[in-house]
Each structure stands twice: as structure tokens, then as C-alpha cells.
Amino acid sequence: MFGGLVKVKVIAFNGSARKDGNTAILLRRVLKILEEEGIETELIQLAGEPIRGCNACRACYDTKNERCVIENDKVNDYVQKMKEADGIILGSPTYFSMMSPEMKALIDRTGYIARANNHLLKLKVGAAVVAVRRAGGMPTFDAINHFFLISQIIVPGSSYWNIGVGSKKGEAEADEEGLKTMETLGRNMAWLIKKLKA
Ligand SMILES: Cc1cc2nc3c(=O)[nH]c(=O)nc-3n(C[C@H](O)[C@H](O)[C@H](O)COP(=O)(O)O)c2cc1C
């Protein structure tokens, strides 16, 4: 809540197969700032969730009911949560220089549902957050941003690209610059959302 009037929410997804790891640390740092700015937040961790990829059946273009025909996982719930939110943060570790398969499955199905339904998520604010041990973070960051940009989602920047460094669980806590980047991202995202809601 800000200004005592409008309720604003940001939803974040952690695509890591490892719950509460480095991607979660980075995401929580952004969410902390958003909360300080009066914005409600929710973090959903995909670890252990059986999310499959897109069937390419295009049924969502026939039904246009904002749903995927695959009903035995949580993607349809996640899409509705994104629709209800003002901001969406997609976080992923780097796996062989790309996002995790969980995040890719979420993006592929959400992206098709959104396009089949008059760009369902357009004009929301979106940000990518990436954890990396050494290299391959940029292609991961770029690919998530490509999803936002083709979905007409508005992307704020930070003082650096939103990437944090760490290998073992918890190591991202030591990446001072990465954490600062997340804090600036949180402030810029809050600023932009408030302007758009004003
Ligand atoms: C299957 C797999 C592939 C990975 N590939 C890369 C890679 O290409 N580049 C890199 O720097 N780190 C790579 N890593 C390391 C992770 O990106 C790194 O440990 C990250 O902090 C994990 O985030 P998490 O704790 O949220 O899972 C890989 C890890 C796994 C499990």
C-alpha cells in the first residue's frame, strides 16, 4: 500500500531447482526494498514443482480463456497471479549459460497464454534476476528480458545488470555489488510502478 489508497503487488518466481539458494537471496533483497516502499510482495519457488513445457498445441489460441490445457500443474494459477500483480520478477540460476528448465517452461507457457489473450500482461513492470557462478549470466538475463519485451511488459534498469555471483548455497550473500544492484532494482521498480499507478 502506498499513499494509503492503492494496493500494489509484485510477484516473484524463483526458477531454481534449489530452494532458498542464491537466486532466492537475490530475489529477497529486491522484495525487501519493495516492501519498504509499501509494496506487497510474494515469492514463489518452483523447486520441486513438476512444471512441463509448452505442448505447442495452440489450444490457448482457440479457447482464449487465459488457460493452458495442461491442468495438472500450477502454471494456470501462476498466470492468474501474474495478471493480478502490478510487477513480475522472474529469477533464475544460470544452467549451461541459460535459465533453468523450470523457468523456461513457465515462460513458454505464460508467454503463449498471454499472446493468445490480447497480451494479458502488457504494461506491467517486469524484472529479471539471475544467479551465476562465473559465466553465462548475460544470455540468461537477456532471454528473460526478451520475454518481458515481447509481452509489452515495461522493464526498469538498475546500476548494473541484475546478476549476483555465487556457487554454493548462500554465497550470493557475499556479493556486495550484486546485492546493491538488487536494492537499486527494487527502488527503481517501486518508483516506476508508483508512477504508472498514479
Ligand atoms: C546444471 C547446472 C548448470 C550450471 N551452469 C552454470 C553455468 O553455465 N555458468 C555458471 O557460472 N554457473 C553455472 N551453474 C552454477 C549456478 O548457476 C550457481 O551455483 C547459482 O548460484 C545457483 O543458484 P541457486 O542457488 O539459486 O540454485 C550451474 C549449476 C547447475 C546445477
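Preceding this paragraph is the structure being described.
The following paragraphs examine the structure supplied in this document.

Quick notes on the rules
Residues numbered from 1 in each chain as written. Predicted model: local features only at pLDDT ≥ 70, side-chain atom pairs only at ≥ 80, totals over all residues. Heavy atoms only, no water. Buried < 20%, exposed > 50% of the residue type's maximum accessible area, 1.4 Å probe, protein only. Helix = DSSP H or I, 4+ residues; strand = E, 2+ residues; numbered from the N terminus. Arc of directions from axis to C-beta. Contact = heavy atoms within 4.5 Å. Phe/Tyr/Trp six-rings, centres within 6.5 Å; stacked < 30°, edge-to-face > 60°. Lys NZ or Arg CZ within 6 Å of the ring centre and 35° of its normal. Near = heavy atom within 4 Å. Polar contact = N/O pair within 3.5 Å; in protein donor to acceptor, adjacent residues only side chain to side chain. Areas by Shrake-Rupley, 256 points an atom, 1.4 Å probe, with all protein chains shown as cover. Pairing = 2+ DSSP bridges. Axes fitted to C-alpha atoms, helices over the stretch in contact; angles between N-to-C directions.

## Digging into helix 3 (residues 75–84)
For the α-helix, the turn length of 3.6 residues means that residues three or four positions removed from each other point alike.
So, step 1. Three or more residues of helix 3 are buried, namely Val75, Asn76, Tyr78, Val79 and Met82. One side of helix 3 holds all its buried residues, which, seen down the axis, span an arc of 160°.
So, step 2. Along its buried surface, helix 3 packs onto strand 1 (9–14), strand 2 (40–45), strand 3 (87–93) and helix 4 (101–116).

## Side note on the packing of aromatic side chains
So, step 1. Applying the stated criterion across every chain yields a total of 4 aromatic pairs.
So, step 2. Between Phe13 and Tyr78, the aromatic rings sit 5.2 Å apart at their centres with planes inclined by 65°, giving edge-to-face as the arrangement. Highlighted residues: Phe13 in strand 1 and Tyr78 in helix 3, separated in sequence by 65 residues. As far as the burial class goes, Phe13 and Tyr78 line up, both buried.
So, step 3. On the numbers, 5.1 Å between centres and 65° between planes, the contact of Tyr160 with Trp161 is edge-to-face.
So, step 4. A relative accessible area of 45% places Tyr160 in the partly exposed class.
So, step 5. What makes Trp161 partly exposed here is its relative accessible area of 46%.
So, step 6. The aromatic ring of Tyr61 is capped on one face by Arg58, whose charged end is 4.2 Å from the ring centroid.

## Considerations on the site of the ligand
So, step 1. Taken together, the neighbourhood of the ligand is formed by 17 residues, with Ser16, Thr23, Thr94, Arg134 and Ala135 sitting nearest.
So, step 2. Ser16 is positioned with one of its side-chain polar atoms (N or O) 2.6 Å from an oxygen atom of the ligand.
So, step 3. The contact in question runs from an oxygen atom of the ligand to an N or O atom on the backbone of Ser97, over 3.0 Å.
So, step 4. Calculation on the ligand without its partners gives an accessible area of 640 Å², and the protein chains cover 76% of this total.

## Some words on the sheet that holds strand 1
So, step 1. In spatial order, the strands read 2-1-3-4-5; together these 5 strands make up an open sheet with parallel pairing. Pairing within the sheet leaves two strands with one partner each, and these edge strands are strand 2 and strand 5 (163–165). Along the sheet, successive strands turn relative to each other by an average axial angle of 15°, direction set aside.
So, step 2. Looking at chain direction, strand 1 and strand 3 are connected through 5 bridges and run parallel. Looking across to strand 3, one finds that Val10 is bridged to Gly87.
So, step 3. Running at roughly 145° to strand 1, helix 3 makes contact with strand 1, strand 2 and strand 3 of the sheet.
So, step 4. Across the sheet, helix 6 (residues 176–197) is in contact with strand 1, strand 3, strand 4 (125–132) and strand 5; its angle to strand 4 comes to roughly 170°.

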